[in-house]
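Geometric and topological summary
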Amino acid sequence: MNCVDGPLQTGTESKKITPGNWCLFPLLLCCCILFSVPVSAGSTQDDFEFNPDVYEKKRLQWGGYVEGKLEHFSYNENSALYFLKFPDGDRTTLDRITGTLQLDGSYSLERTSFNWLLKGAANQDQRRYDDRADIFGAYLRLRPTDTLTIEAGKQSYKWGTGYAWNPAGFLNRRKDPNDPNEDLEGYTTVETSYIRSFGAAIESMAVSVSVLPVWQGVNEDFGRMETINLAAKLYLLVKNTDIDFIYFTGKSRSSRYGLDFAANLATNFAIHGEFAYVPHADRMVLEKDGSLTLQPSSTTSYLLGLRYLSEQNITTILEYYHNDAGYTEEEMNRYYELIDDAREEKRQTTATLLLEKALHAGQSGYGSFQTGRDYGYARVTWKEPFDIVYFTPGVTGIINLDDKSWTLTPELLYTGLSNWQLRLRYSWLNGTHDSEYGEKANENKIELRIRYFF
Amino acid sequence: MKNRLLYWFVVFFVAMIPENAPAIDGDELLRQVDANLQPDSYEMYRKLINIEPDGKKKEFVFYTVKKGKEKMVALFLSPASEKGRVSLRLGDNMWLYIPNVGRPIRITSLQSVVGGVFNNSDILRLDYHVEYDVNTITDKGETWALELKAKTRSVAYDRLKMTVDKKTVQPLDIECIASSGMLIKTLHYRDIKEFDDGIIRPARLMTDSPLHKGYRSVMIFAKMKKRKFDDEIFTLEFIPRVDELR
């Protein structure tokens, strides 16, 4: 999920492309895009006709996008995670081209609808080709009244108010803070929601109850198998503040309690926050002797954030995230030391015992996305600077506040051509030895993404 | 029909006012302007066109429903890149829902979800009398000039200078002014026509701004008709299902 990380290398044989051929890909893609830009996007005809009948609802509705993405990764060959990915150290850069097709739609009949979200992607780098197709969502929605909704099937959950992280999003997939607006695969659930509006101090409320089974072939990656989990959310709009109380119980993951809020304090200033408490959270921790042990603990995670719009149309989002379930600096150092020892072992012998141990630790929690305890997030976007309409430059920064390592991602976004979105990004990772971003596999990445919506 | 009767009643009432009549109630006049612009509860389709100095255009189409003084929802129908997005307004609170992406996020009235000259408070506009008091009213012959002052600081524009046509009791031009005194934009209502259910109001709203020289935005109204809605339609939980109202 980390867009600043390169892909994991597997041992599968792949088609080879010569460097000469590789260089043609970006050129060809740019030519395709430029020559396929529709003339209507820049129409100068000065008529203001509007025929609303064209937009009348149809039973079958569908849409989606096609996307072309070019990425160039520069690896940090001295980093710990580089060694885990490429133990033979045979790679310094990665150039990858990815094509993606996403289809969404619905078929509606009175108060019933079937909705879907499908995604397929294929990518090719200098060595290998990969493709995959996923059903991100496919669910039936029944709405017997305006206040009651029943949904059954696979759908994505988006609980919580945080932009980069959602500690209270107990049914959410973990999003990429560098790209938090990307679609995420759902879980298969049955959910019932009930809404009431009061028009008093509590303006409205909604109760949602979700049943999430974990069986063979159903939500297998959620947690412990052969059980049924239950999650509930109570939403209240109190005065001008959104408040959610969230509860999860089940055997796949331990029970947990959450709370979130969001409020506008002024026409250009909003605040938000989340809180999560897990009374019994087990963590796999690397001991001094290199063994992995399960440590029972209770964890408290929280997030505080704000969003501010300046007179110059600059939007600033700031967040602070504390995650008790993350690893301390000392625990992470132990992990990096194990990888260093594995690297030394490989250099001097043919044994791979320590490498396997490090890989196992990675799979047990150390290798997951943003494993630290305290983070800061900042995203600043400037909409239409200097009267350049539909142009939005921005920069996103994430800092691990414990080890002071960070990543910075400036970007340029242009949406001036109808249904086209062009985005150019550069990600720069920086940190000392034994720090989170200093030990990532890559030290920078450049990405050009072009999307056409239909 | 009721709205039409009200319209003719107001026209008659205004025509009968002698030139030396005592000052009329500004707040009452503003309520009449609001009543003429939009019924209490309705649905409609809108096209919003952003026009650049070189004539290039970008268009958006919304399906909009409104109930009472402070509940409003706008669903994007076009272009494809925005389709399915929903903006919800409950009084001073505004949210934007982007399908498949995340829960509705709070947005602010001065932001613009469509770019161009219109901001969120223009697209999800409440009745003027809900957000403004009439400070002064001046008889200008065929029009009245109203100076409006925002009731709270959470309103997007601190002051409005509204020109109201006496014959139709419809707004013609509105200057939107910040608390600093700076003119942010001017709105021009044009093309009065009859919609369903006897609603008679301008079918176009045009705007320009000294802050975006050469840029214009136009909003075209269509298929406005009265319709009753449950309050529950205007909640965060219902936002993903707004399309089912059509």
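Everything in this summary refers to the structure shown in the same document. These numbers were taken from a predicted model, which means no experiment stands behind them.

**With respect to the overall build of chain A**
Helix and strand counts for chain A come out as four helices and 18 strands. A buried classification covers 50% of the 454 residues belonging to chain A. Sequence separation of 24 or more characterises 57% of the internal contacts of chain A that already satisfy a separation of 6 or more. Here chain A displays about 21300 Å² of accessible surface, and carbon together with sulfur accounts for 59% of that area.

**So, the overall build of chain B**
Secondary structure assignment for chain B yields four helices and 13 strands. Among the 246 residues that make up chain B, the fraction classed as buried is 61%. Sequence-distant contacts in chain B: of pairs separated by 6 or more residues, those separated by 24 or more amount to 47%.

**So, the side chain of Asn-323 of chain A**
Residue and element names in this part refer to chain A. Here Asn-323 is to be found in strand S13 (residues 314-323). Residue classification places Asn-323 among the buried residues on the basis of a relative accessible area of 8%. A polar atom in the side chain of Asn-323 sits 3.1 Å from the side chain of Ser-301.

**A word on the interface of chain A and chain B**
Facing the 71 residues of chain A at the interface are 69 residues of chain B. Surface buried jointly by chain A and chain B totals about 5900 Å² across both partners, of which 49% is contributed by carbon and sulfur atoms. Among the residues chain A hides against chain B, the three largest losses belong to Phe-48, Phe-50 and Thr-267 of chain A. Together they make up 14% of the total. Of the charged contacts, one joins Arg-141 of chain A and Glu-244 of chain B as a salt bridge, the two residues approaching to 3.1 Å between their closest N and O atoms. Joining chain A to chain B, the criterion identifies 20 residue pairs in polar contact (both at pLDDT 80 or more). For the side of chain A that touches chain B, the leading source of residues is strand S10 (residues 256-266) of chain A, giving five residues.

**Some thoughts on the pairing of strand S16 (residues 406-414) of chain A**
Residues and elements named next belong to chain A. Residues Thr-407, Thr-409, Glu-411 and Leu-413 line the buried face of S16, whereas the alternating positions Trp-406, Leu-408, Pro-410, Leu-412 and Tyr-414 sit on a face that is not buried. Across nine bridges, strand S15 (residues 391-400) lies against S16 in antiparallel orientation. The residue bridging Thr-392 from the neighbouring strand is Leu-413, located in S16. Counted between consecutive antiparallel strands, the loop separating S15 from S16 contains five residues, among which Lys-404 sits at a positive phi close to 65°. In this structure, S16 lies alongside strand S17 (residues 420-430), joined through seven bridges in antiparallel fashion. Each bridged residue has a counterpart across the sheet, and for Leu-408 the counterpart in S17 is Trp-428. Once S16 ends, the chain turns through five residues before running back antiparallel as S17, passing Asn-419 with a positive phi of about 70°.

**Quick look at helix H3 (residues 329-348) of chain A**
Residues and elements named next belong to chain A. With 20 residues, H3 extends 29 Å from end C-alpha to end C-alpha; this agrees with the ideal 28 Å at 1.5 Å per step. Turning to H3, its buried residues are Glu-331, Met-332, Arg-334, Tyr-335, Tyr-336, Leu-338, Ile-339, Ala-342, Arg-343 and Glu-345. Looking at the buried side of H3, the elements it contacts are helix H2 (80-85), strand S11 (269-286) and helix H4 (353-366).

**Section: the packing of aromatic side chains**
Applying the stated criterion across every chain yields a total of 26 aromatic pairs over all chains. Seen from their ring centres, Tyr-75 of chain A and Tyr-82 of chain A are 5.8 Å apart, and the 50° between their planes marks the pair as tilted. One exposure class covers both Tyr-75 of chain A and Tyr-82 of chain A, and it is buried. Here the aromatic residues Trp-165, Tyr-321, Tyr-375 and Tyr-377 of chain A are joined through ring pairs into a cluster of three or more. One residue, Lys-58 of chain B, lies across the ring of Tyr-390 of chain A, its end atom 4.5 Å from the ring centre. The positively charged end of Arg-201 of chain B is found above the aromatic ring belonging to Phe-221 of chain B, 4.2 Å away from the centroid.

**Here we look at the pattern of salt bridges**
For the coordinates displayed, the defined rule picks out 45 salt bridges over all chains. A salt bridge links Glu-182 of chain A to Arg-449 of chain A; its shortest N-O distance comes to 3.3 Å. With Glu-182 of chain A in the loop between strand S5 (148-155) and strand S6 (187-197) and Arg-449 of chain A in strand S18 (residues 442-453), this pair connects stretches of sequence that are 267 residues apart. The salt bridge involving Glu-237 of chain B is made with Lys-233 of chain A; its shortest N-O contact spans 3.2 Å. With Glu-237 of chain B in the segment after strand S13 (216-226) and Lys-233 of chain A in strand S8 (residues 227-238), this residue pair bridges two chains. Put simply, Glu-71, Arg-96, Asp-179, Arg-379, Glu-411, Arg-423, Arg-425, Lys-445 and Glu-447 of chain A are held in one network by salt bridges that share partners.

**Things to note about the layout of surface pockets**
In this model, the second largest pocket occupies a volume close to 1100 Å³. Of the residues assigned to the lining of the second largest pocket, the class counts are 18 nonpolar, 16 polar and seven charged.

**Here we look at empty space enclosed by the protein**
Residues and elements named next belong to chain B. Applying the stated criterion to the full structure yields three cavities of 30 Å³ or more. Lining the largest cavity are 14 residues, with Ser-121, Arg-125, Glu-131, Tyr-132 and Tyr-157 positioned closest to its centre. Only helix H3 (120-123) and helix H4 (128-131) provide two or more residues apiece to the lining of the largest cavity. When its residues are assigned to classes, the lining of the largest cavity shows nine nonpolar, one polar and four charged.

**Here's the deal with the environment of Ser-297 of chain A**
All names here are of chain A. Mapped onto the fold, Ser-297 is located in strand S12 (residues 292-309). Taking the relative accessible area as the measure of exposure, Ser-297 reaches 26% and is therefore partly exposed. With sequence-adjacent residues up to four places away left out, Ser-297 is seen in contact with Val-278, Pro-279, His-280, Ala-281 and Arg-283.

**Some points on the nonpolar core**
Core analysis: the largest hydrophobic core is formed by 48 residues, its most contacted members being Tyr-128, Leu-146 and Met-162 of chain B. Once you skip the residues sitting within four places of it in the chain, Tyr-128 of chain B turns out to touch Leu-30, Asp-34, Leu-37, Leu-160, Met-162, Ile-174, Leu-187 and Tyr-189 of chain B. Grouped together as the second largest cluster of nonpolar side chains are 31 residues, Phe-50, Ile-195 and Ala-206 of chain A together with Leu-90 of chain B included.

**What to know about the packing of H3 of chain A against H4 of chain A**
Residue and element names in this part refer to chain A. Contact geometry of H3 with H4 gives a least axis separation of 8 Å together with a crossing angle of 150°. In terms of orientation, H3 lies roughly antiparallel with respect to H4. The handedness of the crossing between H3 and H4 is left-handed. Residues Glu-331, Met-332, Tyr-335, Leu-338, Ile-339, Asp-341, Ala-342 and Glu-345 of H3 touch H4, and the partners they reach there are Leu-353, Leu-354, Leu-355, Lys-357, Ala-358, Ala-361, Gly-362 and Tyr-366. Partitioned by chemical class, the residues of the contact of H3 with H4 number 11 nonpolar, one polar and four charged.

**Quick look at the environment of Tyr-377 of chain A**
Residues and elements named next belong to chain A. If you trace the backbone, Tyr-377 turns up in strand S14 (residues 374-382). The buried category is assigned to Tyr-377, whose relative accessible area is 4%. Residues Tyr-377 and Asn-178, spaced 199 residues apart in sequence, show a C-alpha to C-alpha distance of 9.6 Å. The contacts of Tyr-377, once residues within four sequence positions are left out, are Tyr-163, Ala-164, Trp-165, Pro-177, Pro-180, Ile-317, Leu-318, Glu-319, Thr-396, Gly-397 and Ile-398.

**As for unusual backbone geometry**
Residue Pro-79 of chain B follows Ser-78 of chain B across a cis peptide bond; omega there is 0°. Checked against the element boundaries, Pro-79 of chain B lands in the loop between strand S3 (71-78) and strand S4 (86-90). The phi dihedral of Glu-110 of chain A is positive, around 55°, even though this residue is not glycine. Within the element layout of this structure, Glu-110 of chain A appears in the loop between strand S2 (93-109) and strand S3 (112-125). Overall, Glu-110 of chain A belongs to the exposed group, its relative accessible area being 75%. Backbone geometry places Asp-434 of chain A, a non-glycine residue, at a positive phi of 70°. Along the polypeptide, Asp-434 of chain A turns up in the loop between S17 and S18.

Criteria and thresholds
Residues numbered from 1 in each chain as written. Chains lettered and ligands numbered in written order. Predicted model: local features only at pLDDT ≥ 70, side-chain atom pairs only at ≥ 80, totals over all residues. Heavy atoms only, no water. Helix = DSSP H or I, 4+ residues; strand = E, 2+ residues; numbered from the N terminus. Buried < 20%, exposed > 50% of the residue type's maximum accessible area, 1.4 Å probe, protein only. Contact = heavy atoms within 4.5 Å. Areas by Shrake-Rupley, 256 points an atom, 1.4 Å probe, with all protein chains shown as cover. Polar contact = N/O pair within 3.5 Å; in protein donor to acceptor, adjacent residues only side chain to side chain. Buried area = accessible area lost by both parts, 1.4 Å probe. Salt bridge = Lys/Arg side-chain N within 4 Å of Asp/Glu carboxyl O. Pairing = 2+ DSSP bridges. Expected span 1.5 Å × (residues − 1). Phe/Tyr/Trp six-rings, centres within 6.5 Å; stacked < 30°, edge-to-face > 60°. Lys NZ or Arg CZ within 6 Å of the ring centre and 35° of its normal. 1 Å grid on protein atoms, 1.4 Å probe; cavity = no way out; pocket = protein on both sides within 12 Å on 5 of 7 lines; lining within 4 Å. Points joined across faces, edges and corners; volume = space filled by probe spheres on them. Nonpolar A, V, L, I, M, F, W, Y, C, P; charged D, E, K, R; others polar. Core = buried A, V, L, I, M, F, W, Y, C linked by side-chain atoms within 4.5 Å. Axes fitted to C-alpha atoms, helices over the stretch in contact; angles between N-to-C directions. Parallel < 35°, antiparallel > 145°, perpendicular 65-115°, else oblique. Left-handed = near helix turned anticlockwise from the far one by under 90°.

Function-wise, these values are silent; they only describe arrangement.
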